[in-house]
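Residues per chain, in single letters:
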Amino acid sequence: MTEILDIDGSVLEGGGQILRNSISLSAILGIPVRVKNIRAGRKSPGLAAQHLKGIQLVAEMCQAKLSGAHIGSTDIQFIPGKIRGGQYLADIQTAGSVSLLLQVALPCALMADSPVILDLKGGTNVDMAPQIDYMNEIFRENLKNFGAKYSWKLIKRGYFPRGGGHVQVTVNPIQSLNGVTFHDQLYRGPLFVNIWSFVAGKLPVKIAYEMANGAKDKIDMSYPVYINCIKDQQYVRNNCSGILLWSPIGNGTVIGIDALGKGPTDAFEAGQKIGTDFMKLLNSSVSLDSHAQDQMIIYMCLANGKSMVHTGEITLHTKTAIHIAETIAKTKFTIRPDGDENFIECNGLGFCNKNISIND
């Protein structure tokens, strides 16, 4: 048996991302791992429900031998097998993020031996994670540059603290990922701005419109702006509101920003704040926003050939994702400063999915 690789879960970000990226790369590359000090940098260390369900989901997908997997565990061992297609269910049973379930399972599903259907249940629009709408409108579009696609169906939204959301994701496996270049300082159009906002529970829909109008108030008038405001009409016991701004920038990528409503904060002012932040993003020359930045690392690592992305300040999540990729896959990333911005470059593994034939 291949020697088990030890991963220290306390380094850098010290949270769940170390676990997610380690398990994904372990399953894809067939490298057994032991992750210690899980979430040592968090107030309540160890596996929470969403982390446990994520690694159990991948373990089921690749018939892994998994030990130490229980709530509160700070040490797990994962010995992967072959990634199989099929339909899989992961129900967090809390408001834990389904977007984070997707983060750990999607790279593996792309390298399965047949199509994968993921039924993911938990929180769709919750704090400390990308909203599922960000994953659909921004992450999914950027992923297409690697030659990877998935379709999704939003069955029900789920909010803090009860969760109860349900998203179904369908993935067709691919042979390999393309290297990407997310950089074009000379051409950032045609450009328009989408603003989507929502409310749920007892909150009136006017709050969604106030957030959207506040955001629009800060958008340069030269950009066409398209607004869509909704109230979640399904019966929900929990109040929630949120907003998402995004724009295609003409080089095959989409940049965006999302936020949830916070307590009694004035909705128009909250919208103005996110609108101001989004204009700063549009006025820069970056091709990846800060939330997409770290999510691209695992795909750059596995891709065929050189990848280069132009982004802003390197986040701690990105530094963590790079550390795990270099530790497990032995790829080398280079960060090249460009004023207040940065280029991230990587010569990918050129990983080939041998689970499927080239004609599949």
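Because the structure is predicted, anything quoted here is derived from the model rather than measured. (Residues numbered from 1 in each chain as written. Predicted model: local features only at pLDDT ≥ 70, side-chain atom pairs only at ≥ 80, totals over all residues. Heavy atoms only, no water.)

J.: Before we move on, could you go through the sheet that holds strand 13 (residues 254-260) and cite the residues and values that matter?
T.: With mixed pairing, four strands are arranged side by side in an open sheet as 11-10-12-13. Looking along the sheet, the strands with just one partner apiece sit at the ends: strand 11 (225-231) and strand 13. On average, each strand axis in the sheet is inclined to that of its neighbour by 10°, with strand direction left out of account. Pairing of strand 10 (residues 193-200) with strand 12 (residues 240-248), which is carried by seven bridges, proceeds in the antiparallel orientation. If you follow Ala-200 over to strand 12, its bridge partner there is Cys-240. (Pairing = 2+ DSSP bridges. Helix = DSSP H or I, 4+ residues; strand = E, 2+ residues; numbered from the N terminus. Axes fitted to C-alpha atoms, helices over the stretch in contact; angles between N-to-C directions.)

J.: How would you sum up the nonpolar core? Please name residues and give values.
T.: By size, the foremost hydrophobic cluster in this structure holds 88 residues, and its most contacted members are Phe-78, Leu-118 and Phe-146. For this core, the leading source of residues is helix 3 (residues 98-110), giving nine residues. Look past the residues within four positions of Leu-118 in its chain and what remains in contact with it is Leu-57, Met-61, Tyr-88, Leu-102, Ala-105, Val-167, Gln-168 and Val-169. Ranked by size, the runner-up nonpolar core spans 22 residues in total, among them Ala-212, Cys-229, Ile-257 and Leu-282. (Core = buried A, V, L, I, M, F, W, Y, C linked by side-chain atoms within 4.5 Å. Buried < 20%, exposed > 50% of the residue type's maximum accessible area, 1.4 Å probe, protein only. Contact = heavy atoms within 4.5 Å.)

J.: Run through the pattern of salt bridges, naming residues and quoting values.
T.: Opposite charge on two side chains makes pairing possible when the charged atoms of those side chains draw close. Counted according to the given criterion, the structure contains nine salt bridges. Ionic pairing is found between Arg-84 and Asp-113, a salt bridge with its closest N-O pair at 3.3 Å. Of this pair, Arg-84 sits in the loop between strand 4 (75-79) and strand 5 (86-91) while Asp-113 sits in the loop between helix 3 and strand 6 (116-122); the two residues are 29 residues apart in sequence, bridging distant segments of the chain. Within the structure, one salt-bridge network assembled from shared partners comprises Lys-306, Arg-336 and Glu-345. (Salt bridge = Lys/Arg side-chain N within 4 Å of Asp/Glu carboxyl O.)

J.: Can you lay out the pairing of strand 5 for me, pointing to particular residues and giving the numbers?
T.: With six bridges connecting them, strand 5 and strand 6 associate as parallel partners. Looking across to strand 6, one finds that Gln-87 is bridged to Ile-117.

J.: Which residues make up the packing of helix 5 (residues 206-217) against helix 6 (residues 267-283), and what values do they have?
T.: At a minimum axis separation of 6 Å, helix 5 and helix 6 run at an interaxial angle of 40°. Classed by the angle they form, the pair helix 5 and helix 6 counts as oblique. When you trace helix 5 past helix 6, the crossing you get is right-handed. Contact with helix 5, carried on its side by Ile-207, Glu-210, Met-211, Asn-213, Gly-214, Ala-215 and Asp-217, involves Ala-267, Phe-268, Gly-271, Gln-272, Ile-274 and Gly-275 of helix 6 and no other residues of that element. When grouped by side-chain class, the residues that make up the contact of helix 5 with helix 6 number six nonpolar, five polar and two charged. (Parallel < 35°, antiparallel > 145°, perpendicular 65-115°, else oblique. Left-handed = near helix turned anticlockwise from the far one by under 90°. Nonpolar A, V, L, I, M, F, W, Y, C, P; charged D, E, K, R; others polar.)

J.: Before we move on, could you go through the environment of Ala-292 and cite the residues and values that matter?
T.: In this structure, Ala-292 sits in helix 7 (residues 290-293). The buried category is assigned to Ala-292, whose relative accessible area is 0%. Sequence separation of Ala-292 and Met-135 is 157 residues, and the distance between their C-alpha atoms is 9.1 Å.

J.: Tell me what's going on with the sheet that holds strand 6, and back it up with residues and numbers.
T.: On the basis of which strands lie adjacent, the open sheet formed by four strands has the order 5-6-8-7 and mixed pairing. A strand with exactly one partner marks an edge of an open sheet, and here the two such strands are strand 5 and strand 7 (150-156). Neighbour to neighbour, the strand axes of the sheet diverge by 15° on average, direction disregarded. Bridging between strand 6 and strand 8 (residues 165-171) involves seven bridges; their strand directions are antiparallel. By the bridge assignment for strand 8, Lys-121 is matched with His-166. Strand contacts of helix 3: strand 5, strand 6, strand 7 and strand 8, with the helix running at about 165° to strand 6, the strand carrying the most contacts.

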